[in-house]
Amino acid sequence: MDTAHDSEWNAAQSIFISEDLLAAAKLQLQFLAVVDRNRWLYEGQTLQWAIYRYNVCWLPLLAKHSESKITEGPLVVPLDCEWIWHCHRLNPVRYKSDCEEFYGRILDNSNVVSSINQETSRKETEETWNKLYPNEPYEYDMSREFSETLYNGETQSFSKYDFVLAVERQSPFFYQVSRPHFKKDLFLQEAVARYKGFLHLIRRNRERSLKRFCVPTYDVDLIWHTHQLHPLSYCKDMVELLGKILEHDDTDQNRSKGQKLDTGFSDTTKQWEETFGLRYWRAGAMYRGGAPSPITTTPCIPDPTTPTPSGDADSANGLQRLIHLPKTNYIEILLEFVEIKNLPETEKGKVNVIFSKSHSDGIFNSKKKLTIQSESGQKQVAIFQCEPNGYLLFELLSTSKKPNSLGSCFISLEEFHGKVSVEKWLDLDLNLVGSEPIQLKVAASCTFPILAPHVVQMLLHSSPFQKSCYSFSCVTRFHKNWMWIVDAYGDEIIRLQLRDMKKTKGREIVGFTRAEETLVVGQFLGQKWSLMDSLWSLTFPETKDSHFLLTGPHMVKLVYGRKLDYEPKHNNDKRTKENDFMTAVEFSAEYPYGKAVAMFDLKSGVLMLQEEWFALPGMLSAFIVCKGRT
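## Notes on the pattern of salt bridges
- Inspection of every chain in the model, using the stated rule, returns 29 salt bridges.
- Ionic pairing is found between Arg53 and Glu136, a salt bridge with its closest N-O pair at 2.9 Å. In this pair, Arg53 sits in helix α3 (residues 44-67) while Glu136 sits in the loop between α6 (123-132) and α7 (163-170), placing the two residues 83 residues apart along the sequence. Take Arg53 and Glu136: they sit in the same class, and that class is buried.

## Observations concerning the sheet that holds strand β21 (residues 581-587)
- Pairing is antiparallel in the closed barrel, where 12 strands are placed in the order β12-β13-β14-β15-β16-β17-β18-β19-β20-β21-β22-β23. Neighbour-to-neighbour, the strand axes of this sheet turn through a mean angle of 20°, independent of strand direction.
- In this sheet, strand β23 (residues 606-609) lies alongside strand β12 (residues 454-459) in antiparallel orientation, the contact comprising 4 bridges. Along β23, the bridge assignment pairs Gln457 with Val606.

## Overview of the nonpolar core
- Ranked by internal contacts, the top residues of the largest apolar core, which has 94 residues, are Trp58, Trp83, Ile84 and Tyr195.
- In terms of residue count, the dominant contributor to this core is α3 (13 residues).
- Counting 40 residues, the second-largest nonpolar core is a separate cluster that includes Leu325, Ile493, Leu535 and Phe600.

## Concerning α3
- For α3, spanning 24 residues, the distance from its first C-alpha to its last is 34 Å, which sits close to the expected 34 Å at 1.5 Å a residue.
- If you look at α3, its biggest bend is around 40°, right at Tyr54.
- For α3, the tally of buried residues reaches 18 of 24 residues, placing the bulk of the element in the interior.

## Some remarks on the environment of Pro60
- Tracing the backbone shows Pro60 in helix α3.
- On a C-alpha basis, the gap between Pro60 and Leu107 in space is 9.8 Å, while along the polypeptide they are 47 residues apart.
- Non-local contacts of Pro60, meaning those with residues more than four positions away in its chain, are made with Tyr54, Asn55, Tyr103 and Tyr133.

## Some thoughts on the environment of Lys160
- Along the chain, Lys160 falls in the loop between α6 and α7.
- Take Lys160: its relative accessible area is 60%, and that puts it in the exposed class.
- When the C-alpha atoms of Lys160 and Arg94 are compared, they prove to be 9.8 Å apart, with 66 residues separating the residues in sequence.

## A look at the sheet that holds strand β7 (residues 391-398)
- An order of β5-β4-β7-β8 is seen for the 4 strands of this open sheet, with the pairing classed as antiparallel. At either margin of the open sheet sits one strand with a lone partner, and together these are β5 (368-370) and β8 (405-412). Within this sheet the neighbouring strands show an average axis-to-axis angle of 25°, counted without direction.
- With 7 bridges connecting them, strand β4 (residues 351-357) and β7 associate as antiparallel partners. Across the sheet, residue Val351 finds its bridge partner in β7, namely Ser398.

The rules behind each value
Sequence order sets the numbering: in each chain, residues are counted from 1 along the sequence as written. It should be noted that, the model being predicted, local features are given only for residues of pLDDT at least 70 and side-chain atom pairs only at 80 or more, the latter also being counted only at that level, while totals for whole chains, interfaces and linings use all residues. The side-chain figures draw on all heavy atoms in the structure; neither hydrogens nor water molecules are used. Here, a salt bridge means any Lys or Arg side-chain nitrogen found within 4 Å of an Asp or Glu carboxyl oxygen. Numbering of helices and strands runs from the N terminus, with a helix taken as a DSSP run of H or I at least four residues long and a strand as a DSSP run of E at least two residues long. The rule is simple: take the accessible area with a 1.4 Å probe, protein chains only, and divide by the maximum for that residue type; under 20% is buried, over 50% is exposed, in between is partly exposed. Criterion used throughout: strands pair if DSSP finds at least two bridges between them. Lines fitted to C-alpha atoms define the axes here, with helix axes fitted over just the stretch in contact, and angles between the N-to-C directions of these axes take values from 0 to 180 degrees. The criterion is simple. A nonpolar core is a set of buried Ala, Val, Leu, Ile, Met, Phe, Trp, Tyr and Cys residues joined through side-chain atoms within 4.5 Å. By definition here, a helix of n residues has an expected span of 1.5 Å times n minus one. Given a residue, its bend is the angle between the two axes fitted to the seven residues that end at it and to the seven that start from it. Every residue pair with non-hydrogen atoms within 4.5 Å of one another is taken to be in contact.

Put into structure tokens, the structure is as follows:
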């Protein structure tokens, strides 16, 4: 940053916020995760009940407590009421006017504890609630039927705010901020600093009487939401900064090019970069696309009393340990080339940059091309995933009649250690004789390293195993009863054979390990498969619309198609058939609507594993499904 940029950024960072937004943002993320596991709060009659309870019970209780404490400890807000309260506060102007109309003051969240706080007893709050509302239980009762008659004419005292639409707008937000890096202190610290920068732009626009629709990135938006959830602090801070309460306009959801949201984001990006000399776009903070379609609209939680396979867990774990899957971390990088200096006049407007990794990378192993913003006049970025080591190499290419390299430079990924972004000038190592060194301004941001999915390939051949068949480009031929499973580097993991059992006239799966051990890893018993010494059981679909069911330490449904995290965002290839894919979806108390743990491409034989515990049962299940299709 130059002096002017430094001055603007320092002015932004001097903005006073009267809340610890980093700690509060972490609590908000935990709360949103709990709500997402209780999606009955998103729509239907259960949502209507929650709105009713919020208006009739929670707000009056909060008003009494804020006027004169009615409990010695803090109030603990019920989950359903907290969710509606959350959405109400995210329209700060409307929330303020509603509170003042019905209660004469803003109802704040001080001395109130979230329902997800396990350390605070809710007994005192529940007793107070039951005294005030003897016919309405403190805990939400999903078995009760919603009836308009329960309002008893009290709707006239309710806010006219459309809570259903507010919930509809807020429910997709968690998907955008649910990735692991949002929980990291460094990422959130940067987000708070960027939120202050965002407020500074709005302040500058107001000082200059400019009407601009400023649009936040999702890291900034998370902190903005967090600030609004503290109504008194938010109102006070905004009036001091802007002379009025800053409205939070989330009604416009149209992201089409040229629409208000699109042009507002482009204008915000331009103003940010001109004001601070920093990049506005940030890795892991951009729009991810719409949330994937749910597998089910009703929660599916395994019954703890239901009998599960009772195999020898130690023996099964021993089998699991026989499989070696190489562990690889990955990061997401957002890269852009901002500016170039000392470029020969003959080459101006005729260059672009090829970027690649310095060493073989199992995740990113290609070369990509980007323009330079100062040369093209347009912002262009690359977002990609790679291993968090080595170097990013940049080669400047002339696009004139005789294309040639004008030099190269690099940036070490170690520079990101302890940082989430890097922006610097780099000297190119090859330049024209006698000229000033060409310099390239590179801006990059990255997320924190997380474990990459395990990728294996399942090869079915009738011929003896050949090392040359390890390639992922190898065409799978479903033939005979053998399967070889190899990792992304072509190394064998295990071989499987399906064979007849002579004594029982059943079938079994035998595994041959790299250590040349021979083990029975599956047996077909009646109508289902028993896997890994009876620790897992695979049941076939009973009807056309049902799924394979894998039960054991976890409950997993095998669903045809690319689902949840594997759902394609842009699929224009009409040749791709969803029945050529199968997604393994885990259901549990933590994930009642399902979590994708693996995806199997039945056509190519590639199996992507998100969870290591699913490695062997996933491979065995995929083998059985494949044999059923041949």
